Amino acid sequence: MSLLTDLQWRYATKKMNGATVPPEKLAYILEAARLAPSSSGLQQYKIIVISDKALLEKVKGLAYNQSQITDCSHLLVFAAWDGYSDARISSVFDYMMDERSLPHNTMDGYKKVIMELYERSGPEWQAHHAAKQSYIPFAMAIAAAAEQKVDATPIEGFLSDKLDELLKLPSSGYRSTVLLPLGYREEAGDWLVKMKKVRTPMAAFVTEMTLADAADTAELPMAQNLDVYIQD
Ligand SMILES: Cc1cc2nc3c(=O)[nH]c(=O)nc-3n(C[C@H](O)[C@H](O)[C@H](O)COP(=O)(O)O)c2cc1C
């Protein structure tokens, strides 16, 4: 099966049957998410896995009672950093340098550049930037689930502030961003399962551009070259 066949097979499952996803399939999906790229490699997000039915009942109440929350096997809650700090970034970079047997100060110049950018951009931008990153492992998990023939429903329809409170996320500096129940479709009760998958036609989705199509603005020189900040 090719990735495209798997992506055709998957859909935002509206009704799940309560069957359990085997641990090896769950591990595969989580590993695909873990391998996602992230801005500066910070992995400024994490995944909380919930299979406790009593907790899922509470989560459902914060997610417009969407039935997949309790009929799934496992609920993945994607959560992102609520902001950037020198300590947070340093701890990731220190770990990275340890894993690569490099001195901790190897990326100090680069770290300074991104920290200045983050500080200049403000706390709201920071939380938004981190939240955007969490959608990359989210998409990887969706694709990996499809490959494993596990159904998944992307869910943004929930009260994130209330869920954060329930899962005690603020005390650890995280905010929930998006949910992904994993399970198996209950075809009989699912209005979407037989519907055609509809996407924007390729011709409208993809636009090729040349310089002739671009605005006639002056060249915008970059003041900084990130390469020079990585010290050998
Ligand atoms: C970020 C995001 C949030 C979504 N939120 C919900 C949701 O709360 N409930 C739901 O039933 N579907 C939700 N969807 C599913 C979309 O409606 C669905 O993916 C889209 O219509 C395309 O259909 P398909 O996934 O079946 O191909 C969401 C999808 C994404 C990517």
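Residues numbered from 1 in each chain as written. Predicted model: local features only at pLDDT ≥ 70, side-chain atom pairs only at ≥ 80, totals over all residues.

1. With respect to the overall build of the protein chain
Regarding its fold elements, the protein chain presents eight helices and four strands. Secondary structure elements in the protein chain, listed N-terminal to C-terminal, are α-α-β-α-α-β-α-α-β-α-β-α. In terms of principal-axis extent, the alpha carbons of the protein chain reach across some 60 × 50 × 35 Å. Here the protein chain holds 232 residues, and the buried ones make up 28% of them. Relative to all contacts within the protein chain whose residues are 6 or more apart in sequence, the contacts with residues 24 or more apart total 82%. (Helix = DSSP H or I, 4+ residues; strand = E, 2+ residues; numbered from the N terminus. Buried ≥ 20, exposed ≤ 12 C-beta atoms within 10 Å, placed from the backbone. Contact = placed C-beta atoms within 7 Å.)

2. Some words on the sheet that holds strand β3 (residues 151–152)
Ordered in space as β1-β2-β4-β3, the four strands form an open sheet in which the pairing is antiparallel. Lying at the two open borders of the sheet, with one neighbouring strand each, are β1 (45–50) and β3. Inspection of the sheet shows β3 paired to strand β4 (residues 174–183) by two bridges, in the antiparallel sense. Its bridge partner lying in β4, aspartate 151 is registered against glycine 183. (Pairing = 2+ DSSP bridges.)

3. Some remarks on the UniProt feature "domain: Nitroreductase" (unreviewed entry) in the protein chain
UniProt annotation of "domain: Nitroreductase" (unreviewed entry) refers to residues 8–184 when read in the numbering used here. Between the C-alpha atoms that bound residues 8–184 the distance is 16 Å, and the span itself is 50% helix and 15% strand. (UniProt positions renumbered as here; feature names shortened; annotations may be inferred.)

4. Comments concerning helix α2 (residues 23–34)
Along its 12 residues, α2 runs 16 Å from first to last C-alpha, staying within 8% of the 16 Å computed at 1.5 Å per residue. Residues of α2 that are buried sit in contact with β1, β2 (74–81), α6 (108–147) and β4. (Expected span 1.5 Å × (residues − 1).)

5. A look at the pairing of β4
The side chains of a regular strand alternate, first on one face of the sheet and then on the other. Along β4, 10 of the 10 residues are buried, which leaves the element largely enclosed by surrounding structure. Relative to β4, β2 runs antiparallel, the two being bridged by eight bridges. Considered in β4, the bridge of phenylalanine 78 is made with valine 178.

6. Focus: the site of the ligand
Around the ligand, a shell composed of Tyr11, Ala12, Lys14, Gln66, Thr153, Pro154, Ile155, Glu156, Gly157, Val178 and Lys197 is seen. In terms of residue class, the shell around the ligand is made up of five nonpolar, three polar and three charged. (Near = placed C-beta within 6 Å. Nonpolar A, V, L, I, M, F, W, Y, C, P; charged D, E, K, R; others polar.)

7. A look at the environment of methionine 140
Examined against the element boundaries, methionine 140 turns out to sit in helix α6. For the pair methionine 140 and alanine 32, spaced 108 residues apart in the sequence, the C-alpha separation amounts to 5.9 Å. Not counting the four nearest positions on each side in its chain, methionine 140 is found in contact with Ala32, Ala33, Leu35 and Ala36.

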